[in-house]
Amino acid sequence: RYILELKNVCKTFTKSDFKLDNVSFSVPYGVIMGLVGKNGSGKTTTIKSILDIINIDKGGEIKLFEGERVDEIGLKNNIGVVFDSSCFSKSLTPKQISNIMAGIYQKWDRSKYVEFLNKFDLPINQRVGTFSKGMLMKFSLSVALSHSPKLLILDEVTSGLDPVARDDVLETLMDFIQDEKHSIIFSTHITSDLEKIADYITLMHQGKILLSISKERLLSDFAILRCKKSEFFKMDNKNFWAYLEKEYQVNVLVSNVEYLKSQYNTMVFDRVSIEELLTILIKGESYERNFS
């Protein structure tokens, strides 16, 4: 069961060379999907397409909640969104904003809202214009979680937070998906956050999906092989996905790790980090492989 499915989603812009190019991935219920890539890779454009803020080109399909037949208001009630900049009036207080949200969302929960404000140490009667960037992020998340959404879409929500506050936010996100009826799309460039909480990783580059894979499979089936250049060019590349040449060695993203270890038992195989995965796939040379 998928809470969200994108199939062959394209978006061209008349005044730009950038485009979304056949973006396809699925988000199951009860998971956190990490959407990663460099600035300008298409993450925010993909999110805006899901939210129907921009119209996608004909031929693509975006399906929410297994195609459940609800009107646009019903869909928006089931989605919580936090962008990397606040959309709230600086002159309002959290208490005043609560009154506004109660008139917008059918399931607005004032008591839950106050719980989140207290958890994140946010003052209810102070104007949000006086909040720091970190406070604004925590406030936006409190609003997004207080109308009982099924799907939470977050764009760089941890970028302005100190380590303690970031931990509080990540813990809150983990709590949100525990009943397996909710899911999160979490766009970020802080790969350490994804190492902690993501169940799936979708990597974007230049408007395309380079891979979409479960973190469990990535960590169990893949590794980084480090070898000398002279060794690399003599090896069978059947299980190679991409490689990046350094001055004295070659770093290779490989699958079928146990088999390769038996064949090349003197070489170094390191655990794949999301940061190095990004670097090798974007900066390195790729082989034609299929991650699905």
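In case you missed it, the structure is sitting above this.
Being a predicted model, the structure only gives us computed values, none of them experimental. (Residues numbered from 1 in each chain as written. Predicted model: local features only at pLDDT ≥ 70, side-chain atom pairs only at ≥ 80, totals over all residues. Heavy atoms only, no water.)

Draft legend 1. Focus on the nonpolar core. Ranked by internal contacts, the top residues of the largest apolar core, which has 53 residues, are Phe 139, Leu 173 and Phe 186. With sequence-adjacent residues up to four places away left out, Phe 139 is seen in contact with Phe 88, Pro 94, Ile 97, Tyr 113, Leu 117, Leu 122, Val 128 and Phe 131. Core analysis: the next-biggest nonpolar cluster, separate from the first, contains 22 residues, Val 31, Ile 50, Leu 64 and Phe 65 among them. (Core = buried A, V, L, I, M, F, W, Y, C linked by side-chain atoms within 4.5 Å. Buried < 20%, exposed > 50% of the residue type's maximum accessible area, 1.4 Å probe, protein only. Contact = heavy atoms within 4.5 Å.)

Draft legend 2. Layout of the environment of Leu 35. Mapped onto the fold, Leu 35 is located in strand β3 (residues 32–36). Residue classification places Leu 35 among the buried positions, given a relative accessible area of 1%. Remark: the alpha-carbon pair of Leu 35 and Met 204, spanning 169 residues in sequence, is separated by 7.4 Å. If we skip the residues at most four places from it in the chain, Leu 35 touches Lys 43, Ile 47, Ile 185, Phe 186, Ser 187, Thr 188, Thr 202 and Met 204. (Helix = DSSP H or I, 4+ residues; strand = E, 2+ residues; numbered from the N terminus.)

Draft legend 3. Expanded view of the pattern of salt bridges. Applying the stated rule across the entire model yields nine salt bridges. Salt-bridge contacts for Arg 1 lead to Glu 66; the nearest nitrogen and oxygen are separated by 3.2 Å. Of this pair, Arg 1 sits in the segment before β1 (2–12) while Glu 66 sits in the loop between β4 (61–64) and α2 (72–77), placing them 65 residues apart in sequence. Take Glu 66: its relative accessible area is 41%, and that puts it in the partly exposed class. A salt bridge links Lys 208 to Asp 21, with the shortest nitrogen-to-oxygen separation between them at 3.7 Å. One end of the pair, Lys 208, is in strand β9 (residues 208–214); the other, Asp 21, is in strand β2 (residues 19–28), with 187 residues separating them in the sequence. Residue class for Lys 208 comes out partly exposed when judged on its relative accessible area of 42%. Taken together, the salt bridges that share partners define one network made up of Arg 226, Asp 270 and Glu 276. (Salt bridge = Lys/Arg side-chain N within 4 Å of Asp/Glu carboxyl O.)

Draft legend 4. Here's a closer look at the side chain of Ser 140. Tracing the backbone through its elements, the reader meets Ser 140 in helix α5 (residues 133–145). Judged by relative accessible area, which is 9%, Ser 140 ranks as buried. Here Ser 140 is in contact with Val 82 and Phe 88, once residues within four sequence places are set aside.

Draft legend 5. Main features of the sheet that holds strand β10 (residues 222–227). Judged by pairing direction, the sheet is antiparallel, and its five strands sit side by side in the order β13-β10-β12-β11-β14 without closing on themselves. Two strands lie at the open edges of the sheet, namely β13 (268–270) and β14 (285–286), each paired on one side alone. Examined bridge by bridge, β10 and strand β12 (residues 250–255) share six bridges and lie antiparallel to one another. Of the residues in β12, the one forming a bridge with Leu 225 is Val 252. Running at roughly 85° to strand β11 (residues 240–245), helix α11 (residues 274–283) makes contact with β10, β11, β12 and β14 of the sheet. (Pairing = 2+ DSSP bridges. Axes fitted to C-alpha atoms, helices over the stretch in contact; angles between N-to-C directions.)

Draft legend 6. Representation of the environment of Leu 75 within the structure. Residue placement: Leu 75 occurs in helix α2. Taking the C-alpha atoms as reference points, Leu 75 and Lys 11, 64 residues apart in sequence, are found 22 Å from one another.

Draft legend 7. Seen up close, helix α1 (residues 43–50). Burial within α1 is extensive, with six of its eight residues counted as buried. Among all positions in α1, only Lys 43, Thr 45, Thr 46, Ile 47, Ser 49 and Ile 50 are buried.

Draft legend 8. Spotlight on the pairing of β3. The element β3 is largely enclosed, with a buried count of five among its five residues. One ladder, built from four bridges, connects β3 with strand β7 (residues 183–187); its direction is parallel. Note on β7: the bridge partner recorded for Ile 32 is Ile 184. When β3 meets strand β8 (residues 200–205), the two strands line up parallel, connected through four bridges. Looking across to β8, one finds that Val 36 is bridged to Leu 203.

Draft legend 9. Representation of the side chain of His 182 within the structure. Tracing the backbone shows His 182 in the loop between α6 (163–176) and β7. Only 2.9 Å separates the side chain of His 182 from the side chain of Asp 179, close enough to count as a polar contact. Those residues in contact with His 182, other than ones at most four positions away along the chain, are Tyr 29, Gly 30, Val 31, Pro 149, Lys 150, Phe 176 and Ile 177. (Polar contact = N/O pair within 3.5 Å; in protein donor to acceptor, adjacent residues only side chain to side chain.)

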